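Here's the letter readout for the chains.
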Amino acid sequence: MAIVEDRAFKYPAEEECLVRRLGSGVIAAWASLPEEARDRILAEARAAWDREFHVPRLNDRLEAIIRRRKI
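This write-up is about the structure you can find in this document. (Residues numbered from 1 in each chain as written. Predicted model: local features only at pLDDT ≥ 70, side-chain atom pairs only at ≥ 80, totals over all residues. Heavy atoms only, no water.)

So, on to the overall build of the protein. The number of helices and strands found in the protein is three helices and zero strands. Starting at the N terminus, the α and β elements of the protein follow one another as α-α-α. When burial is assessed residue by residue, the protein has 7% of its 71 residues classed as buried. For the protein, long-range pairs separated by at least 24 residues make up 47% of all intrachain contacts whose partners lie at least 6 apart in sequence. As displayed, the protein offers around 6,500 Å² of accessible surface, 56% of which is attributable to carbon and sulfur atoms. (Helix = DSSP H or I, 4+ residues; strand = E, 2+ residues; numbered from the N terminus. Buried < 20%, exposed > 50% of the residue type's maximum accessible area, 1.4 Å probe, protein only. Contact = heavy atoms within 4.5 Å. Areas by Shrake-Rupley, 256 points an atom, 1.4 Å probe, with all protein chains shown as cover.)

Quick look at the structure:
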């Protein structure tokens, strides 16, 4: 029988500003990250727990926010 690991990163509401700042830091450093790291981050972001369970066009929106940062 396989062991399933619950890896959902959950945080209390008062730490949401910290999670947003970490996300902003990742986006700012995106261009200098190895492609393998970028792929992993996107995969984790797609699977991440969030208060907003269903986000329409999640993949497109995640990639769009990264493209907006590229100037």
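Let us now look at the packing of helix H2 (residues 35-47) against helix H3 (residues 58-69). Direction vectors running N to C along H2 and H3 enclose 135°, while the axes themselves pass 10 Å from each other. Classified by the interaxial angle, the pair formed by H2 and H3 is oblique. For the crossing formed where H2 meets H3, the hand is right-handed. Two secondary-structure elements touch here, H2 through Leu 42, Ala 45 and Arg 46 and H3 through Leu 58, Asn 59, Leu 62, Glu 63 and Ile 66. Grouping the amino acids of the contact of H2 with H3 by side-chain chemistry returns five nonpolar, one polar and two charged. (Axes fitted to C-alpha atoms, helices over the stretch in contact; angles between N-to-C directions. Parallel < 35°, antiparallel > 145°, perpendicular 65-115°, else oblique. Left-handed = near helix turned anticlockwise from the far one by under 90°. Nonpolar A, V, L, I, M, F, W, Y, C, P; charged D, E, K, R; others polar.)

It is worth spelling out the pattern of salt bridges at this point. Once the charged atoms of two side chains with opposite charge are near each other, the side chains can pair. One pass over the structure, following the stated rule, counts three salt bridges. Between Arg 20 and Glu 16 there is a salt bridge, with the nearest N and O atoms lying 3.8 Å from each other. With Arg 20 and Glu 16 both in helix H1 (residues 16-29) and four residues apart, the pair spans about one turn of that helix. Two residues, Arg 40 and Glu 44, come together in a salt bridge whose shortest N-O distance is 3.3 Å. Taken as a pair, Arg 40 and Glu 44 lie in helix H2 at a separation of four residues, close to a single helical turn. (Salt bridge = Lys/Arg side-chain N within 4 Å of Asp/Glu carboxyl O.)

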